[in-house]
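An overview of the molecular structure
Next come the chains, spelled out residue by residue.
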Amino acid sequence: ELIGSATTLPATVADGYDSSYEKKLDGNTMQKAKRWAISKMAVVDGELVTEDQGVGYAFSTWVREEDGALCKPGGVVEAPPIDPAEIQAKIDAQAAVVRDLKEEQGLGNSDPEVKAAVAELLRLKALLEE
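Below or above, wherever it landed, is the structure these notes cover. Just so you know, the residues in each chain are numbered from 1, in the order the chain's sequence is written. Where totals are concerned, whole chains, interfaces and linings use all residues; where local detail is concerned, this predicted model gives features only for residues with pLDDT of at least 70, and gives and counts side-chain atom pairs only at 80 or more. Side-chain measures were taken over the full set of non-hydrogen atoms in the model, leaving aside hydrogen atoms and water.

1. Here we look at the pairing of strand S2 (residues 28-44)
Of the pairings in the sheet, the one linking strand S1 (residues 17-25) to S2 comprises six bridges and is antiparallel in character. By the bridge assignment, Leu25 is partnered in S2 with Asn28. Connecting S1 to the antiparallel partner S2 that follows it, the hairpin turn spans two residues, and Asp26 within it adopts a positive phi of roughly 50°. At least two DSSP bridges between two strands are required for those strands to pair. Strands here are runs of E lasting at least two residues and helices are runs of H or I lasting at least four, both read from the DSSP assignment and numbered beginning at the N terminus. For S2 and strand S4 (residues 61-64), the ladder comprises four bridges, and the chain directions are antiparallel. Each residue of the ladder has a partner; that of Thr29, found in S4, is Val63. For S2 and strand S3 (residues 47-58), the ladder comprises 11 bridges, and the chain directions are antiparallel. Bridge pairing links Ala37 to Val55 in S3. Hairpin connection from S2 to S3: two residues lie between these consecutive antiparallel strands, with Asp45 at a positive phi of about 55°.

2. A word on the packing of helix H1 (residues 84-104) against helix H2 (residues 112-129)
Contact pair H1 / H2: the axes reach a minimum separation of 9 Å and the direction vectors enclose 160°. Relative to H2, H1 is oriented roughly antiparallel. Where H1 crosses over H2, the two elements pack in a sense that is left-handed. Listed contacts from H2 to Pro84, Ile87, Gln88, Lys90, Ile91, Gln94, Ala95, Val97, Val98, Leu101 and Lys102 of H1 are Glu113, Val114, Ala117, Val118, Glu120, Leu121, Leu124, Lys125, Leu127 and Leu128. Partitioning the contact of H1 with H2 into residue classes produces 14 nonpolar, two polar and five charged. To define axes, lines are fitted to C-alpha atoms, for helices over the stretch in contact only, and angles between the resulting N-to-C directions are given on a 0 to 180 degree scale. Our angle categories are set so that under 35 degrees counts as roughly parallel, over 145 as roughly antiparallel, 65 to 115 as roughly perpendicular, and the remainder as oblique. The handedness criterion is simple: a crossing whose near helix is rotated anticlockwise from the far helix by less than a right angle is left-handed, and one whose near helix is rotated clockwise is right-handed. Contact between two residues is taken to exist if any of their heavy atoms lie within 4.5 Å; hydrogens are not considered. Following the grouping adopted for this structure description, the nonpolar residues are Ala, Val, Leu, Ile, Met, Phe, Trp, Tyr, Cys and Pro, the charged ones are Asp, Glu, Lys and Arg, and the polar ones are all others, Gly among them.

3. A few points about unusual backbone geometry
Despite not being glycine, Lys32 shows a phi value in the positive range, around 45°. Backbone geometry places Asp45, a non-glycine residue, at a positive phi of 55°. Mapped onto the elements, Asp45 comes out in the loop between S2 and S3.

4. Digging into the environment of Val13
In this structure, Val13 sits in the segment before S1. Between the C-alpha atom of Val13 and that of Ala37, which follows or precedes it by 24 residues, the distance is 5.7 Å. Excluding residues that lie within four positions of it along the chain, Val13 makes contacts with Asp18, Arg35, Trp36, Ala37 and Val55.

5. Thoughts on the nonpolar core
Among the nonpolar cores identified, the biggest contains nine residues, and these are Ile87, Ile91, Ala95, Val98, Leu101, Val114, Ala117, Leu121 and Leu124. Elements represented by at least two residues in this core include exactly H1 and H2. Sort the elements by how many residues they give to this core and H1 lands first, with five residues. For the purposes of this section, nonpolar cores are sets of buried Ala, Val, Leu, Ile, Met, Phe, Trp, Tyr and Cys residues that join through side-chain atoms within 4.5 Å. The classification of residues rests on relative accessible area computed with a 1.4 Å probe and restricted to protein chains. Under 20% of the type maximum is buried, over 50% is exposed, and intermediate values are partly exposed.

6. A few points about the packing of aromatic side chains
Two rings from Phe, Tyr or Trp (for Trp, the six-membered ring) form a pair when their centres sit within 6.5 Å of each other. Planes less than 30 degrees apart are called stacked, planes more than 60 degrees apart edge-to-face, and all others tilted. All told, the structure shown has two aromatic pairs when counted by the stated rule. When the ring of Tyr21 is compared with that of Tyr57, the centres are 5.8 Å apart and the planes differ by 50°; the resulting orientation is tilted. Residue Tyr21 is located in strand S1, and its partner Tyr57 is located in strand S3; the two are separated by 36 residues in the primary sequence. By relative accessible area, Tyr21 is classed as buried at 9%.

Structural data, given as structure tokens:
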């Protein structure tokens, strides 16, 4: 959980502002975050001085390292991009399962196991077309 977790972040920003900051935090990567120096002005010995107080961070998306999902505030989680080669490999494996059920085990198209295997094969093929 990103929110509420203690983590170490840089305490300063070299140029005062960074608009494309990325940082790994507890298995998540902030994307295109903005960070800026937070300063306080004070009069010290009759002179106006600026004292660094810390760094502010703002980000609207982060990537979950465990599965590559894109996360957004409010609990929104988007599935990671699909690798066509990976889906094709799954299609090939599922097609082999269907062939085995029909040719090796002698099951027909109306058998529940074949129907389930074909349904999965069609689902995988639909993913590839997206």
